Amino acid sequence: MAPVTQMFAWLSRMPLSWMQRVGAVLGWLVWALSPRYRQHFKANVQAAKVPWHDARPAIAAMGMMVAELPWVWMRSNSQPLGDVVRWDGAAHFEAAMQTGKGVIVMSPHLGCWEIGAQAIAEKFGPRFGPLVALYRPARKAWLEPLVAQARTRSYLASAPTSLAGVRTLIRTLRAGGYTAILPDQVPPLGQGVWAPFFGREVYTMTLLSKLAQQTGAAVILTWCERLAPGQGFCIHMRPFEAHELRDPDCSPEQAAAAVNRGVEAMVRAAPGQYLWSYARDKQPRVEG
């Protein structure tokens, strides 16, 4: 076992509430030591016109997110999440699945999205089958075994970030299955369009809207709220009714704007847990 993996395995045995408290301190330490981080964080909050007192808890939340990773990634498969996750709106997901048209779980960089994927697969997998999601290997070689282990769980299935993987998602949805997508990731050049997000034009993926338009799958806004240390998490699920995601005649720009409105709604519901440091307005990279 590599040294980093050994360290993660050791940290994963620490109480989650203790790691979260350490993470909160880490978040504030990074804030204090990095002027560039502070500037970018504040600029994103101001652009979104979110009151500072509502966004300020996200400073600690960023550190908590990092500190949770050993527990999230290295947690034993025999250790269920039922004791640490509560649900708000799961009936919306179940109702959508019962229509047989598939479901797209739309979950941004908000709260603990890593826990969210595992919890959704654990809760709904026995009834509806595996959650199928695109998976890109970690760019850092030392990180890949950790990320791969996190994805190797019951009722979690992965597809490559390629045309073949997209076809897998289409087949999954048309068969009445479900997938999860991070809609606020900046896609590579050629895989998105420019659309408004909190008043700024940002490069936005077209994958989610194309999947919804081509399959008729329902879109469920989902975010995993981190409760107070020791209190666990709450996964919120809400149906997202946007005609742009059902009408294939809508332009990619119109559909992308609808996706961004959905993300904005979730961020406004929990601004203290959004990853405000994420460079949402960065230029897309060129793949190859």
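Residues numbered from 1 in each chain as written. Predicted model: local features only at pLDDT ≥ 70, side-chain atom pairs only at ≥ 80, totals over all residues. Heavy atoms only, no water.

> Where do I start with the overall build of the chain in this structure?
When helices and strands are tallied, the chain shows eleven helices and nine strands. In summary, the chain has a C-alpha radius of gyration of 18 Å against a globular reference of 19 Å for 288 residues, a match within 12%. Principal-axis analysis of the C-alpha atoms places the extent of the chain at approximately 50 × 45 × 40 Å. The proportion of buried residues among the 288 residues of the chain is 52%. Sequence separation of at least 24 residues holds for 78% of the intrachain contacts in the chain that already meet a minimum separation of 6. Both charge centroids of the chain, one from 30 positive and one from 19 negative side chains, sit 6 Å from each other. (Helix = DSSP H or I, 4+ residues; strand = E, 2+ residues; numbered from the N terminus. Rg over C-alpha atoms; globule rule 2.2 N^0.38 Å. Buried < 20%, exposed > 50% of the residue type's maximum accessible area, 1.4 Å probe, protein only. Contact = heavy atoms within 4.5 Å. Lys, Arg positive; Asp, Glu negative; His and termini not counted. Charge placed at Lys NZ, Arg CZ, Asp CG, Glu CD.)

> When you look at the packing of aromatic side chains in this model, what are you seeing that I'm missing?
Applying the stated rule across the entire model yields 16 aromatic pairs. On the numbers, 6.0 Å between centres and 15° between planes, the contact of F8 with W73 is stacked. Residue F8 is located in helix 1 (residues 3–11), and its partner W73 is located in helix 5 (residues 58–74); the two are separated by 65 residues in the primary sequence. With relative accessibility at 12%, the residue F8 sits in the buried group. (Phe/Tyr/Trp six-rings, centres within 6.5 Å; stacked < 30°, edge-to-face > 60°.)

> Looking at this model, I keep getting lost on the layout of surface pockets. Mind explaining?
Summary: where empty space remains is shown by rolling a probe the size of a single water molecule over the atoms. Of the pockets and cavities examined, the second largest pocket occupies roughly 170 Å³. What lines the second largest pocket is R75, N77, S78, Q79, P80, Q118, A121, E122, R153, S154, Y155 and L156. The biggest single contributor to the lining of the second largest pocket is helix 7 (residues 113–128), with three residues. The residue makeup of the lining of the second largest pocket, split by class, is four nonpolar, five polar and three charged. (1 Å grid on protein atoms, 1.4 Å probe; cavity = no way out; pocket = protein on both sides within 12 Å on 5 of 7 lines; lining within 4 Å. Points joined across faces, edges and corners; volume = space filled by probe spheres on them. Nonpolar A, V, L, I, M, F, W, Y, C, P; charged D, E, K, R; others polar.)

> Looking at this structure, how should I read the nonpolar core?
Formed by 48 residues in total, the largest nonpolar core has its most connected members in F41, I104, M106, L208, V219, L245 and W276. Listing elements by their share of this core, those giving two or more residues are helix 3 (35–48), helix 5, strand 2 (103–106), helix 9 (163–174), strand 7 (200–205), helix 10 (207–215), strand 8 (218–226) and helix 11 (252–269). Sort the elements by how many residues they give to this core and helix 11 lands first, with six residues. Those residues in contact with F41, other than ones at most four positions away along the chain, are W31, W52, A55, A58, I59, W276 and S277. Core analysis: the next-biggest nonpolar cluster, separate from the first, contains 33 residues, A90, A96, M97 and A218 among them. (Core = buried A, V, L, I, M, F, W, Y, C linked by side-chain atoms within 4.5 Å.)

> Please explain the pattern of salt bridges as it appears in this structure.
Oppositely charged side chains can form a pair if their charged atoms are brought close together. This model, assessed by the stated rule, comprises five salt bridges. Between D88 and R238 there is a salt bridge whose closest N-O contact spans 2.6 Å. Placement of D88 in strand 1 (residues 85–88) and of R238 in strand 9 (residues 233–239) is noted, with a sequence separation of 150 residues between them. On the basis of relative accessible area, D88 is assigned to the partly exposed category, the value being 25%. Look at R238 and you get partly exposed, because its relative accessible area is 31%. (Salt bridge = Lys/Arg side-chain N within 4 Å of Asp/Glu carboxyl O.)

> What exactly am I supposed to notice about the packing of helix 6 (residues 90–98) against helix 7 here?
Geometry of a packed helix pair, given as the angle between the helix axes and the separation of the axes. It is at 12 Å that the axes of helix 6 and helix 7 come closest, and there the two elements cross at 25°. With respect to helix 7, the element helix 6 is oriented roughly parallel. Crossing of helix 6 over helix 7 shows right-handed handedness. Here helix 6 contributes A90, F93, E94, M97 and Q98 to the contact with helix 7, which in turn contributes K123, F124, R127 and F128. (Axes fitted to C-alpha atoms, helices over the stretch in contact; angles between N-to-C directions. Parallel < 35°, antiparallel > 145°, perpendicular 65-115°, else oblique. Left-handed = near helix turned anticlockwise from the far one by under 90°.)

> Help me out: how do you make sense of the state of the cysteines in this one?
Between two cysteines, a covalent bond joining their sulfur atoms is known as a disulfide. Overall, the coordinates contain zero disulfides when judged by the stated rule. The structure places no disulfide on C112, whose sulfur is separated from the nearest cysteine sulfur, that of C224, by 5.4 Å. Overall, C224 belongs to the buried group, its relative accessible area being 2%. (Disulfide = S-S within 2.5 Å.)

> Help me out: how do you make sense of the side chain of D184 in this one?
Mapping D184 onto the fold places it in the loop between strand 5 (178–181) and strand 6 (192–197). Discounting residues that sit within four places of it in the chain, D184 has contacts with P108, H109, V263, Y274, Y278 and R280.

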